[in-house]
Amino acid sequence: MPVTFSGRNPSSRWNAYIDPNNLDFQRLSIFVSSPASASVGRYKFQLYVSSQDGQRSAVVGDFTMLCNPWCSDDAVYIPFEDQREEYVLSDSGLLFMGTPLNLIARPWSFDLYEPGVLEACLDLLKVSPQHIKNKRKDYMNRANPVYISRVVSAMINSEDDRGVLKGNWTDDFKQGVSPSRWTGSGDILRLWAKSGYSPVKYGQCWVFAAVMCTVMRVLGIPCRVITNFNSAHDTNGNLVIEEYYSETGQKLNRSQDSIWNFHVWVECWMRRTDLGQDMDGWQVLDPTPQQRSGGVFCCGPAPVKGIRNQRTDLIYDIPFVYSSVNADVHTIILSGQDHVVGFSKDTEKVGSLICTKAVGYPRMQNITGDYKYLKSPTSTLSSRSSTISNDSTLRRASTSKGVTVFLTLTKSPVAGEPIVFLVKVMNKQKRPKMMNIHLNAQAKEYNHSPSETFWEKHGAIQLAPMEVKVIQEHILPAQYEEVVGDDLINLAVVLEDIATRERVLASEEFNISSPELIIQVAEENSMVSNKEFAATVTFTNPFSHPVSGILTVAGAGLIAGTNQFRMPPLRPGGRASQTITLIPNMAGVKMLQASLSLLDTNITIRGFKMISINSI
């Protein structure tokens, strides 16, 4: 491109000019502007000077080109400054896990500005199969955020390439790091680059998504992490998930389909010139390796508007995401001889809550209505009910006769306190009933079928005509303590009409909240960069037995790397504190986070605090 004396050049191509009002031929300032469609990546910059002695050139250096969501001509332009600050500039966030009844906000450091992270994100593009196969074509395609996002979605997992993370959904993490132990993206990306692009062990859905969010924000593409609660994995594409239970309420592992209590993906903001402006905006991308898209383990970008309107004719992967948030659940009760003795249908369980972090605040934002047309004003249910009637055919039971049962938690379960729940039984017929009642609780991981029963209770109740009876039950801490942490509980009640042998089931899956670490910061309202401050992390043991563990404290822009401390055995009810030195290196709102991994258990207790750092 020729260097001119005018900055008024077409914005559709590269331009270079010298300011004629500020000429100093001993120290020239040359302004270079790129088109909005410039490709993302590293550039070599060369200056050619023509003189009377002939032409000579000098390599000036390198620069990195990113997408620009502040530029209205860029395909990733997002028009609101608060959203640009949240979805592009923010280097920390919250990942929502657990269940809709008991949300867990897990802090995560995206580490956008940490050493080595930008370089690792650019290396990810460089070692992709697309770049290795045809460098020139890859460079040209990097002007398109749709192309970039598909490359990154595939490169975050390592199923087809030299991707960043190796997935592991077993309980054996001896060859690497348990996914629950990661606190940020920086350590993962640096470890991957340092190893010569060998996959880092291990990741699960929230780790894959959080690392992809880092890469997309670093590349200048607005991105946010999304949690879909009760996420369907519909293997045969019939939009139906079958769940099987025994006559006594034990959940059985009989189905090829499954429902994860939660699944985490990302959304990226971009124009879809390939689909039309109706599909512009947020696009679903899922880097967790579940099924192939175009022969590769990646997913998206699937326009959220297309998912909501079931536009399964559009690219990419809309049918897969649609089923994740919209499948029906058929609950089947089997006898000991595998005969069907009960059936119910739930059209609202799957995708009952879809959420992300709110803009500018450390809280949840419900975006379920972006993905689906809601049938009721509330998108989450506090209880599940089922109905039986005298008709034993496999269809949704009538609500005008038979028995209805509700299973309701009285409050969100907290570690160290009894789990209290109510079973409400309604006889909807004008004749008395004698019912057998079976209660069953099983531990489960968010993406697996439940394990063996750890608590059960059986008995009988009598119902007068049209009677409503409420039974209160509780599970003591000593009976569930092994389930605290990342595990969940599947609780079910089965009622059997002794006269007709008909069964009805209600169930609920929930997590138990761990105690939070308390973080306090001295001089919190007067913190400035490059000055020492003290923070204190405090833990109180709520368990009925002594605990010990490893405390990890991290905070991008507040402390270098991660600090670890060993916590000695702490008696029940005992309190321990640890003081940390903070030296902020940049202004802005930063997250200080702490996690305490208890020894000999899978329990990790977390806490975080948002801290405002002022400029000096």
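This structure is a prediction, so every number in the text was calculated from the model and none was measured.

Here the focus is the packing of aromatic side chains. Counted by the stated rule, this structure contains 16 aromatic pairs. An angle of 5° between the planes, with centres 5.1 Å apart, marks the rings of Y43 and F63 as stacked. Taken as a pair, Y43 in strand β4 (residues 41-51) and F63 in strand β5 (residues 54-65) lie far apart in primary sequence, 20 residues in all. With a centroid separation of 5.8 Å and 65° between ring planes, the pair formed by W206 and Y446 is classed as edge-to-face. Separated by 240 residues along the polypeptide, W206 in helix α7 (residues 205-218) and Y446 in the loop between β25 (433-444) and β26 (453-463) bring together distant segments of the chain.

Next up on the list: the pattern of salt bridges. If you walk through the whole model with that rule in mind, you get 27 salt bridges. With a shortest N-O distance of 2.7 Å, R292 and D160 are connected by a salt bridge. Of this pair, R292 sits in strand β15 (residues 292-293) while D160 sits in the loop between α5 (145-156) and β8 (165-167), and the two are 132 residues apart along the sequence. Overall, R292 belongs to the partly exposed group, its relative accessible area being 46%. Residue classification places D160 among the partly exposed residues on the basis of a relative accessible area of 30%. For D274, the salt bridge goes to R272, with nearest N and O atoms at 2.9 Å. Its relative accessible area of 41% is what places D274 among the partly exposed residues. Several salt bridges converge on common partners, so that one network encompasses E243, K251, K349, K444 and E509.

This part is about the sheet that holds strand β31 (residues 533-540). A sheet is described by the order of its strands in space; here three strands give the open sequence β30-β31-β34, paired in antiparallel fashion. With one partner strand each, in any of the chains shown, β30 (518-521) and β34 (575-582) form the two edges of the open sheet. Geometrically, the sheet is characterised by an average inter-axis angle of 20° between neighbouring strands, direction not taken into account. In the sheet, β30 pairs with β31 via four bridges, with the strands oriented antiparallel.

Moving on to α5. Compared with an ideal rise of 1.5 Å per residue, which puts 12 residues at 16 Å, α5 spans 16 Å between its outermost C-alpha atoms and is within 8% of the ideal. Counted residue by residue, α5 has 12 buried out of 12 residues, so it is predominantly covered. Sitting at the amino-terminal end of α5 is N144, which places a side-chain oxygen 3.0 Å from the backbone nitrogen of V146.

Turning next to the domain arrangement of the protein chain. Assigned domains within the protein chain: domain 1 (15-65), domain 2 (87-357), domain 3 (398-511) and domain 4 (518-613). Computed from C-alpha coordinates alone, the two centres of domain 3 and domain 4 are separated by 39 Å. For the pair domain 3 and domain 4, the summed buried area comes to about 590 Å², and 43% of that belongs to carbon and sulfur atoms. On the domain 3 side of the interface with domain 4, the three residues burying the most area are E481, V484 and D486, jointly 63% of the side's total.

Turning next to the sheet that holds strand β17 (residues 302-303). On the basis of which strands lie adjacent, the open sheet formed by six strands has the order β17-β14-β13-β10-β20-β21 and antiparallel pairing. Every interior strand has two partners, whereas the edge strands, β17 and β21 (364-366), have only one. In this structure, strand β10 (residues 223-233) lies alongside strand β20 (residues 353-357), joined through three bridges in antiparallel fashion. Residue pairing in the sheet places F229 in a bridge with L353 of β20. Against the sheet, helix α9 (residues 318-326) touches β10, β13 (258-270), β14 (281-285), β17 and β20, its axis set at about 70° to β10.

Pairing of β4 with β5 involves 11 bridges; the strand directions are antiparallel. Bridged to S51 within β5 is G54. Between β4 and β5, which pair antiparallel and follow one another directly, the connecting turn spans two residues.

Under the UniProt annotation, the feature "domain: Transglutaminase-like" (unreviewed entry) is placed at residues 197-289. For residues 197-289, the end-to-end C-alpha separation is 18 Å, with 15% helix and 45% strand making up the annotated structure.

Another aspect to go through is the confidence of the model for the protein chain. Note: predicted coordinates in regions of low pLDDT should not be interpreted at a detailed level. Per-chain confidence: the protein chain averages 90 in pLDDT, with 96% of residues scoring 70 or above. Contacts for the low-pLDDT stretch residues 387-400, under 50 throughout, to residues beyond four places or in other chains number 31 contacts.

This part is about the UniProt feature "active site" (unreviewed entry) in the protein chain. Mapped onto this numbering, the UniProt entry annotates "active site" (unreviewed entry) at C205, H263 and D286. In sequence the annotated residues extend across 82 residues, while in space they remain close, none of their C-alpha pairs exceeding 9.7 Å. For C205, the location among the structural elements is in helix α7. Setting aside residues up to four positions removed in sequence, C205 forms contacts with W260, F262, H263, V264, T288 and Y446. Checked against the element boundaries, H263 lands in strand β13.

Cut-offs applied
Residues numbered from 1 in each chain as written. Predicted model: local features only at pLDDT ≥ 70, side-chain atom pairs only at ≥ 80, totals over all residues. Heavy atoms only, no water. Phe/Tyr/Trp six-rings, centres within 6.5 Å; stacked < 30°, edge-to-face > 60°. Helix = DSSP H or I, 4+ residues; strand = E, 2+ residues; numbered from the N terminus. Salt bridge = Lys/Arg side-chain N within 4 Å of Asp/Glu carboxyl O. Buried < 20%, exposed > 50% of the residue type's maximum accessible area, 1.4 Å probe, protein only. Pairing = 2+ DSSP bridges. Axes fitted to C-alpha atoms, helices over the stretch in contact; angles between N-to-C directions. Expected span 1.5 Å × (residues − 1). Polar contact = N/O pair within 3.5 Å; in protein donor to acceptor, adjacent residues only side chain to side chain. Domains from an automatic or database assignment. Buried area = accessible area lost by both parts, 1.4 Å probe. Contact = heavy atoms within 4.5 Å. UniProt positions renumbered as here; feature names shortened; annotations may be inferred. pLDDT = per-residue confidence, 0-100.

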